[in-house]
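What follows is each chain in one-letter form.
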Amino acid sequence: HVMLVMTATIDKGWHLYSQFLPDGGPIKTTFTLKPSAAYVTEGTVTEGKATDFYDKNFEMQLKYFSGKAEFRQKIKLNSDKNFKVEGNVEFMVCDDEKCLPPTIVDFQIKVPGL
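**Here's the deal with the overall build of the chain**
Within the chain one finds zero helices and 10 strands. Considering only C-alpha atoms, the chain reaches an extent of 50 × 20 × 20 Å along its principal axes. Of all 114 residues assigned to the chain, the portion counted as buried reaches 36%. Across the chain, every contact between residues at least 6 apart in sequence was considered, and the portion connecting residues at least 24 apart equals 73%.

In structure tokens:
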């Protein structure tokens, strides 16, 4: 088993929303991994401790990260060769007054084979 760790560095004054938000609010952080014969995901992406707060922009209780956020996904290896886990993350960042449009960023994580 391997634990993939995805780290977000968040600019000062901005916050990144959690994966776990109520409907009708901002875009939640969402990871999508490209299927591969080289691995199988185990469970879902977990996240570090988020700040719980009332967001006046959306008029609801939300969770967000500031400064840095860490997300983890456990995978089971099916390959004895080195490979890359490919995927993307969709997210939205806001400050106290405005939000930037949702963004999708592709990523690759190198994983050593068995």
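**A short note on the environment of Asp-95**
Here Asp-95 is to be found in the loop between strand E9 (93-94) and strand E10 (103-111). Classification of Asp-95 by relative accessible area gives buried; the value is 12%. Apart from the residues within four sequence positions on either side, Asp-95 is in contact with Gly-13, Trp-14, His-15 and Asn-57. For Asp-95, the side chain forms a polar contact with the main-chain nitrogen of Glu-97, separated by 2.8 Å. Within the local environment of Asp-95, its side chain forms a polar contact with the backbone nitrogen of Lys-98, the two atoms lying 2.7 Å apart.

**Some thoughts on the pattern of salt bridges**
Here the structure, examined in full by the defined rule, presents two salt bridges. Between Lys-98 and Asp-95 there is a salt bridge whose closest N-O contact spans 2.9 Å.

**Description of unusual backbone geometry**
In this structure, Glu-59 takes a positive phi of about 55° despite not being glycine. Structurally, Glu-59 is set in the loop between strand E5 (51-55) and strand E6 (60-65).

**Focus: the environment of Gln-61**
For Gln-61, the position within the fold is in strand E6. Separated by 51 residues in the primary sequence, Gln-61 and Pro-112 have C-alpha atoms spaced 41 Å apart. Not counting chain neighbours up to four residues away, the residues in contact with Gln-61 comprise Pro-22, Asp-52, Phe-53 and Tyr-54. Among the polar contacts made by the side chain of Gln-61, one reaches the side chain of Asp-52 at a distance of 3.5 Å.

**Some thoughts on the sheet that holds strand E3 (residues 30-33)**
Within the open sheet, the three strands sit side by side as E3-E8-E10. Their pairing is antiparallel. At either end of the open sheet lies a strand with only one pairing partner, and these are E3 and E10. The sheet shows a mean angle of 25° between the axes of neighbouring strands, taken without regard to direction. Pairing of E3 with strand E8 (residues 83-91), which is carried by four bridges, proceeds in the antiparallel orientation. Within E8, the position partnered with Leu-33 by the bridge is Gly-87.

**So, the nonpolar core**
Core analysis: the largest hydrophobic core is formed by 21 residues, its most contacted members being Phe-71, Ile-75, Phe-83, Val-85 and Val-111. If you list the elements that add at least two residues to this core, you get strand E1 (2-9), strand E4 (39-47), strand E7 (68-77), E8 and E10. For this core, the element with the most residues is E7, which contributes four residues. Those residues in contact with Val-111 that sit more than four places away from it in its chain are Val-2, Leu-4, Ile-75, Leu-77, Asn-82, Phe-83 and Val-85. The next biggest cluster of nonpolar side chains, apart from the first, holds eight residues, and it includes Leu-21, Leu-62, Met-92 and Cys-94.

Cut-offs and rules
Residues numbered from 1 in each chain as written. Predicted model: local features only at pLDDT ≥ 70, side-chain atom pairs only at ≥ 80, totals over all residues. Heavy atoms only, no water. Helix = DSSP H or I, 4+ residues; strand = E, 2+ residues; numbered from the N terminus. Buried < 20%, exposed > 50% of the residue type's maximum accessible area, 1.4 Å probe, protein only. Contact = heavy atoms within 4.5 Å. Polar contact = N/O pair within 3.5 Å; in protein donor to acceptor, adjacent residues only side chain to side chain. Salt bridge = Lys/Arg side-chain N within 4 Å of Asp/Glu carboxyl O. Pairing = 2+ DSSP bridges. Axes fitted to C-alpha atoms, helices over the stretch in contact; angles between N-to-C directions. Core = buried A, V, L, I, M, F, W, Y, C linked by side-chain atoms within 4.5 Å.

Everything listed here is a matter of coordinates, which is why it stays silent on function.
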